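Results of the structural survey
Each chain, written out:
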Amino acid sequence: LNKLRLRFRSVVVDLSDASRNVLRVTCPKDLLKTIQERIDRRRQALQPTEVSLPVPRNANIGKFIGKGGSEVKQLQDDLNVFVKESLGAGDADSNDSRRWIFVEGRDPTTQEWSTNAATKERIRIEVSGRKKPLMAF
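The shown structure was predicted, so the numbers you read here are calculated from the model rather than taken from an experiment. (Residues numbered from 1 in each chain as written. Predicted model: local features only at pLDDT ≥ 70, side-chain atom pairs only at ≥ 80, totals over all residues. Heavy atoms only, no water.)

1. Quick notes on the nonpolar core
- Counting 11 residues, the largest nonpolar core is built from Val55, Ile61, Val72, Leu79, Val83, Leu87, Trp100, Ile101, Val103, Ile123 and Val127.
- Those elements giving two or more residues to this core turn out to be helix 4 (70–87), strand 4 (101–106) and strand 6 (122–127).
- A total of four residues in this core trace back to one element, the largest contributor, which is helix 4. (Core = buried A, V, L, I, M, F, W, Y, C linked by side-chain atoms within 4.5 Å. Buried < 20%, exposed > 50% of the residue type's maximum accessible area, 1.4 Å probe, protein only. Helix = DSSP H or I, 4+ residues; strand = E, 2+ residues; numbered from the N terminus.)

2. Re the pairing of strand 6
- Among the six residues in strand 6, five count as buried, and that is most of the element.
- Inspection of the sheet shows strand 3 (residues 49–54) paired to strand 6 by six bridges, in the antiparallel sense. Counterpart to Leu53 in the pairing with strand 6 is Ile123. (Pairing = 2+ DSSP bridges.)

3. Concerning the environment of Phe82
- For Phe82, the position within the fold is in helix 4.
- Phe82 sits 49 residues away from Lys131 along the chain, and the two C-alpha atoms are 9.9 Å apart.

4. Digging into the packing of aromatic side chains
- Across all of its chains, the model carries zero aromatic pairs by this definition.
- The ring of Trp113 has Arg122 lying over it, and the distance from NZ or CZ to the ring centre is 3.9 Å.
- Here the guanidinium or amino end of Arg124 rests over the ring plane of Phe102, the centre of that ring lying 4.3 Å away. (Phe/Tyr/Trp six-rings, centres within 6.5 Å; stacked < 30°, edge-to-face > 60°. Lys NZ or Arg CZ within 6 Å of the ring centre and 35° of its normal.)

5. A short note on the pattern of salt bridges
- Under the defined criterion, the tally for this structure stands at four salt bridges.
- A salt bridge links Glu104 to Arg122; the nearest nitrogen and oxygen atoms lie 2.7 Å apart. In this pair, Glu104 sits in strand 4 while Arg122 sits in strand 6, placing the two residues 18 residues apart along the sequence. Across the pair, exposure class does not vary: Glu104 and Arg122 are buried alike.
- Each of Glu50, Glu104, Arg122, Arg124 and Glu126 takes part in a single network of salt bridges with overlapping partners. (Salt bridge = Lys/Arg side-chain N within 4 Å of Asp/Glu carboxyl O.)

Below is the structure:
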């Protein structure tokens, strides 16, 4: 937003909405399309990206998960440390402790992916926001 304000001095950006989900932009009509395209590109860049890795049927997924999920938790902690070191502790996203790694299977009744399913069929990694450029998918 700061780049937008600097490049287009006549643009007024308002994020004062209490929910922080509304972006109000006031600009000359001839800049409207350009401003909207820039905002849309930025929003798309910040959308979550996920990568799913299928688990082979004969794989011992328990070794990946670890006792009580210890291996997945350690990998999650290592990723969070990497993000904080890369972005800077004060500049990192506020939800850095959020889970990124999910070991999932399909629920037999709903066919929805779930971390609670008995048979684990995939490992899903989800990255969003400023973390995306740090990960090479």
